[in-house]
Amino acid sequence: MPELKIHNTATRTKEIFAPLRPDEVALYVCGPTVYDLAHIGNARPVVVFDSFVRLLRRLYGSVTYVRNITDIDDKIMDRAQKTGQTIAQVTANTTQVFHDDMAALGALPPDHEPRATDYVDGMVVMTERLIDKGNAYVADGHVLFDTTSMDDYGVFSRRSQDELIAGARVDVAPYKQNATDFVLWKPSSDLQPGWDSPWGRGRPGWHLECSVMSEALLGETFDIHGGGIDLVFPHHQNELAQSVCAHDGAPFAKYWMHNGHITVGGEKMSKSLGNFLTVHELLDEFPGEALRLTLLSAQYRQPMDFTKELVAGSRRILDKWYRAMGDVEAAPGLPEAVEAALLDDLNTPKAITEMHRLADRAGAGDGTAASQLKAAGEILGLLQATPEAWFRGQGGADDLSAADIEDLIEQRRQARRDRDFAASDRIRDDLAARGVVLEDGAGGTTWRRS
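Residues numbered from 1 in each chain as written. Predicted model: local features only at pLDDT ≥ 70, side-chain atom pairs only at ≥ 80, totals over all residues. Heavy atoms only, no water.

With respect to helix α4 (residues 120–132)
In a regular helix each residue adds 1.5 Å, so 13 residues correspond to 18 Å; α4 covers 19 Å between its end C-alpha atoms and thus fits that length. Buried within α4 are the following residues: Val120, Met123, Val124, Met126, Thr127 and Leu130. Angular distribution of buried residues about the axis of α4 spans 165°; they occupy a single face of the element. In α4, the exposed positions that point more than 90 degrees away from the buried face belong to Asp121 and Asp132. Contacts from the buried residues of α4 go to β5 (136–139), β6 (142–145), β7 (182–187), β8 (202–204), α6 (206–218) and α7 (232–246). Looking one or two residues beyond α4, the residue adopting positive phi is Gly134, at roughly 85°. (Helix = DSSP H or I, 4+ residues; strand = E, 2+ residues; numbered from the N terminus. Expected span 1.5 Å × (residues − 1). Buried < 20%, exposed > 50% of the residue type's maximum accessible area, 1.4 Å probe, protein only. Arc of directions from axis to C-beta. Contact = heavy atoms within 4.5 Å.)

Structure, rendered in structure tokens:
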């Protein structure tokens with residue numbers, strides 16, 4: 001078995017991965033809160049962990065990948081109120097777009113995609129358990145986790161007590177015993193979604209949802225918990241606290257993996273700055289594979305500055321790779337250098353560098369390198385189309401369709417038959433200006449997108 005190393009956020013070190021059960025891996029990654037379209041930052045963990053799962057499935061006989069959907073949240077309620085839709089309409093529509101967008105990025109569906117609203121009964125049970133163990137208390141219709149009941153609360157996120165207080169997302173409500181205590185259950189008004197509980201009609205806190213869904217599908221202790229670096233505190237710190245206390249000290253996740261932030265043009269994404277890029281909008285301009293390659297071009301733990309120029313560059317790289325690869329079958333195994341890079345904490349930039357070398361060899365006529373390039377692409381979710389489909393694919397809303405291009409090529413043929421070479425050249429030049437290259441050969445005229 002090849003040696004896989006991953007950076008464990010819990011220890012801040014790179015460790016050799018050893019699953020809890022031989023040849024079985026269980027991982028949980030925090031998914032979207034479905035109140036709005038996914039932005040490019042939301043897409044990064046989806047692409048990163050999709051690539052990681054592809055690698056794990058080459059190494060282990062059984063891999064169970066869980067990514068949740070948060071479909072009950074105050075942001076969802078606010079969106080429903082502002083749009084005049086029901087909560088069910090908001091979550092259904094947003095979830096469908098999320099699925100479509102992530103599929104366009106080449107992300108495979110997880111093995112399980114639990115929705116928080118299907119696990120509320122389990123959330124009530126865990127809350128009762130924490131109260132019984134002295135780790136939670138009831139106050140003013142709320143149930144809160146008592147952070148002082150856990151000796152090492154804050155160790156995972158490596159924050160001092162002052163930092164924990166300053167970094168807490170919620171206001172310090174008067175009914176809290178400690179400023180860092182967090183909500184497990186909160187009351188719902190008649191106009192808000194709610195479920196019956198021993199503490200009255202209410203709804204669960206955000207952190208509680210993931211603890212219950214991961215336990216239900218992966219058990220009290222599982223191998224890997226993943227997500228964006230912004231989730232380390234408070235979300236993952238609080239997940240860990242309530243899960244460990246509810247299970248009498250049993251570990252929650254053995255390894256924690258977090259991807260870095262994405263900025264746009266050097267600044268944090270913000271609608272007020274006009275640099276808020278949704279995946280849905282970007283897919284109108286670029287192929288999903290170009291977006292995916294861009295997201296994989298930086299090491300997953302590092303911050304990344306995302307620009308449209310980077311995506312355009314990724315598209316040109318894929319053009320080169322598809323031309324070099326041609327119509328070949330993937331090699332049965334990964335190229336050694338690509339595998340070594342990915343085994344070293346999913347070092348995708350190093351793997352991509354090796355793919356450039358393979359593409360150069362393939363372009364020079366090396367059939368073995370072409371097959372290896374295809375195999376390397378598969379594990380990264382790239383080079384999934386045929387070259388013909390790639391070059392004829394729709395690149396954006398303003399691009400000509402394949403039918404439009406064929407029609408113009410026929411007009412050019414007729415112009416040449418009529419010896420109207422000025423018209424023929426004009427059609428060729430117009431197509432070139434719109435990113436379509438014509439290539440005349442013995443078999444006729446073919447085209448590709450530049």
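Digging into the pairing of strand β3 (residues 24–29)
Most of β3 sits out of view: five of its six residues are buried. Taken together, the six bridges between β3 and strand β4 (residues 62–67) define a ladder with parallel strand orientation. When the bridges of β4 are listed, Val25 appears paired with Val63. What joins β3 to β4 is helix α1 (residues 40–59), and the crossover it makes is right-handed. In this sheet, strand β9 (residues 222–228) lies alongside β3 in parallel orientation, the contact comprising three bridges. Note that in β9 the partner of Val29 across the bridge is Gly226. (Pairing = 2+ DSSP bridges. Right-handed = clockwise from strand over helix to strand, strands pointing away.)

With respect to the environment of Phe17
Note that Phe17 resides in the loop between β2 (13–16) and β3. In sequence terms Phe17 and Leu164 are 147 residues apart; their C-alpha atoms lie 30 Å from each other.

What to know about the pattern of salt bridges
In the structure shown here, the tally under the stated rule is 21 salt bridges. The salt bridge involving Arg428 is made with Asp425; its shortest N-O contact spans 3.5 Å. Pair noted here: Arg428 and Asp425 are both in helix α16 (residues 421–433), with a separation of three residues, about one helical turn. (Salt bridge = Lys/Arg side-chain N within 4 Å of Asp/Glu carboxyl O.)

Brief notes about the sheet that holds strand β11 (residues 262–264)
If you walk across this open sheet you meet the three strands as β12-β11-β13, and the pairing is mixed. If you trace the sheet from one side to the other, it starts and ends with β12 (267–268) and β13 (304–306), each paired once. As paired strands, β11 and β12 are joined by two bridges and run antiparallel to one another. Bridge pairing links Val264 to Glu267 in β12. Sheet strands in contact with helix α9 (residues 288–296) are β11 and β13, and its direction is about 150° off that of β13. (Axes fitted to C-alpha atoms, helices over the stretch in contact; angles between N-to-C directions.)

A word on helix α13 (residues 367–379)
In an α-helix there are 3.6 residues to a turn, and that puts residues three or four apart on one side. When the terminal C-alpha atoms of α13 are compared, their 19 Å separation across 13 residues agrees well with the 18 Å that a helix rising 1.5 Å per residue should span. Buried positions along α13 lie against α1, α10 (308–325), α11 (336–343) and α12 (348–363). Its side-chain oxygen placed 3.0 Å from the backbone nitrogen of Thr368, Asp366 serves as the N-cap of α13. Downstream of α13 by a residue or two, Gly381 has a phi angle that is positive, lying close to 70°. (Polar contact = N/O pair within 3.5 Å; in protein donor to acceptor, adjacent residues only side chain to side chain.)

A closer look at the nonpolar core
Residues Ile40, Phe52 and Trp321 are the most contacted members of the largest nonpolar core, which totals 72 residues. Tallying contributions element by element places α1 first for this core, with eleven residues. The contacts of Trp321, once residues within four sequence positions are left out, are Leu293, Ile352, Met355, His356, Ala359, Leu373, Leu382 and Leu383. Counting 39 residues, the second-largest nonpolar core is a separate cluster that includes Ala26, Leu164, Val212 and Trp256. (Core = buried A, V, L, I, M, F, W, Y, C linked by side-chain atoms within 4.5 Å.)

Some points on the environment of Ala370
For Ala370, the location among the structural elements is in helix α13. The sequence separation of Ala370 and Leu217 amounts to 153 residues, and the corresponding C-alpha distance is 40 Å.

Details of the side chain of Gln242
By secondary structure assignment, the location of Gln242 is in helix α7. Using a relative accessible area of 0% as the deciding quantity, one classes Gln242 as buried. Setting aside chain neighbours within four positions, we find Gln242 in contact with Leu130, Phe145, Phe182, Leu184, His207, Leu208 and Ser211.

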